[in-house]
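Take a look at the letters that make up each chain.
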Amino acid sequence: MNRLVIIDYGSGNLRSAAKSCERVIREQGLQTDVSVTGNPDDLKSASHIMLPGVGAFGDCRRGLNAVDGMVEALREAVERQAKPFLGVCVGMQLMATRGLEYGEHEGLGWIEADCVHIAPEDPALKVPHMGWNDLQILKPDHPVFAGISSGEHAYFVHSYHLTCKNPAEVAATVDYGHPLTAIVARDNMVGVQFHPEKSQRTGLHLLANFLNWKP
């Protein structure tokens, strides 16, 4: 029996994320338990870890820091034990080196990137970037993106995006006046800027791939 741990640190659509994962598990017939928890000890028994996030980078980082032992438990499980990890929305942004939203805030440092404000060249494009947009998959051979093609839609709501120093860590982009990072991937870690729980078929497909992933 696998166990997906969704980290509760006071941010994110936790129930929606859990319900989407439970639907995938049911439809795929997976032997996986879903646990939404703020207890860092629960990461020890996790086979897969999801970090959601909604709001400002700094607020989410402070919320994560406020859960005693959670950052240390994440580093142990993800960095040292190499458990499959999925960051969603601000959970993806927290994978970066730093966030530049209302000041400078330290990220987890798993992806060498800054999280910066979206600045489209076309003034007709409003910020936040909100709604459905086409993915451009750059790593079609990655197991988490298997069966997901460029042109498929995902649902975005964000005003900040990652500017990655290493292009090899950008797994997909989305066009909003210029390419924005939509997915990052490195080793056992994946981050998605969009909300898979709101992205219908594409989102459910990605969650199924993640829950089946054994990096």
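Above this text sits the structure in question.
Residue indices begin from 1 for each chain and proceed along its sequence in written order. With the structure being a predicted model, the display of local features is reserved for residues of pLDDT at least 70 and the display and counting of side-chain atom pairs for 80 or more, all residues being used for whole-chain, interface and lining totals. With hydrogens and water stripped out, all remaining heavy atoms of the structure feed into the side-chain values.

**Comments concerning the pattern of salt bridges**
A side chain with one charge can pair with a side chain of the opposite charge if their charged atoms come near. Here is the rule we go by: By salt bridge we mean one thing: a side-chain nitrogen of Lys or Arg within 4 Å of a carboxyl oxygen of Asp or Glu. Here's how the labels work: a residue is buried when its accessible area is under 20% of the maximum for its type, exposed when over 50%, partly exposed in between, all with a 1.4 Å probe on protein chains only.
In total, this model carries 13 salt bridges according to the counting rule given. For K44, the salt bridge identified is with D41, shortest N-O distance 3.7 Å. Judged by relative accessible area, K44 falls into the exposed class, the value being 65%. Taking relative accessible area as the criterion, D41 reaches 47% and is therefore assigned partly exposed. What emerges from the salt-bridge pattern is a single network uniting R98, E104, D114 and K165.

**Focus on the sheet that holds strand β10 (residues 160-164)**
Here is the rule we go by: Strand pairing follows a simple DSSP-based rule, namely that at least 2 bridges must link the two strands. Secondary structure follows DSSP: runs of H or I at least 4 residues long count as helices, runs of E at least 2 residues long count as strands, and numbering of each begins at the N terminus.
With mixed pairing, four strands are arranged side by side in an open sheet as β6-β5-β7-β10. The strands lining the two open edges of the sheet, one partner per strand, are β6 (105-106) and β10. The sheet contact formed by strand β5 (residues 96-99) and strand β7 (residues 111-117) spans three bridges and is parallel. For R98, the partnering residue across the bridge sits in β7 and is D114.

**What about the packing of aromatic side chains?**
Stated precisely, the cut-off is as follows: Only the six-membered ring of Trp is used, alongside the rings of Phe and Tyr, when aromatic pairs are assigned; centres must lie within 6.5 Å, and planes under 30 degrees apart are stacked while those over 60 apart are edge-to-face, with the rest tilted.
Scanning the model with the defined rule gives four aromatic pairs in all. Judged by centre distance (5.7 Å) and plane angle (65°), the ring pair of F156 and F194 falls under edge-to-face. Residue F156 is found in strand β9 (residues 153-158), and its partner F194 is found in the loop between β13 (189-192) and α5 (200-212); the two are separated by 38 residues along the sequence. The exposure class of F194 is buried, given its relative accessible area of 0%. Where F210 meets W213, the ring centres are 6.4 Å apart and the plane angle is 50°; that geometry is what we call tilted.

**Digging into helix α3 (residues 70-80)**
Formally: Directions from the helix axis toward the C-beta atoms define the arc. Contact between two residues is taken to exist if any of their heavy atoms lie within 4.5 Å; hydrogens are not considered.
Along α3, the residues classified as buried are M70, V71, A73, L74, A77 and V78. Across the axial projection of α3, the buried residues extend over an arc of 160°, all falling on one side. Across α3 from its buried face, at more than 90 degrees, point the exposed residues E72 and R80. Where α3 is buried, its residues touch β1 (2-7), β2 (32-37), β3 (48-51), α2 (57-66), β4 (85-88) and β13. Positive backbone phi, at 60°, marks A82, one or two positions downstream of α3.

**Topic: the sheet that holds β3**
Test applied: For every element, the axis is a line fit to its C-alpha atoms; helices are fit only across the contacting stretch, and the angle between N-to-C directions ranges from 0 to 180 degrees.
An order of β2-β1-β3-β4-β13-β12-β11-β8-β9 is seen for the nine strands of this open sheet, with the pairing classed as mixed. Edge strands, defined here as strands with exactly one partner in the open sheet, are β2 and β9. On average, adjacent strands in this sheet sit at an angle of 25° to one another, irrespective of strand direction. As paired elements, strand β8 (residues 129-137) and β9 share six bridges and run antiparallel to each other. Bridging across to β9, D134 finds its partner in H153. Contacts between helix α1 (residues 14-28) and the sheet are confined to β1, β2 and β3, with β2 contributing the most and set at about 175° to the helix.

**Focus on the pairing of β4**
Of the two faces of β4, the one carrying F85 and G87 and the one carrying L86 and V88 are both buried. Pairing geometry for β3 and β4, over three bridges, is parallel. Of the residues in β4, the one forming a bridge with I49 is F85.

**Describing the environment of S11**
We apply this condition: What qualifies as a polar contact is a pair of N or O atoms within 3.5 Å, subject to a donor-acceptor requirement within protein and to the restriction that residues adjacent in sequence count only when both atoms come from side chains.
Its place among the elements puts S11 in the loop between β1 and α1. For the pair formed by S11 and P52, sequence separation is 41 residues and the distance between their alpha carbons is 7.2 Å. With sequence-adjacent residues up to four places away left out, S11 is seen in contact with P52, G53, V54 and C60. In terms of polar contacts, S11 uses its side chain to reach the backbone carbonyl oxygen of V54, at 2.9 Å.

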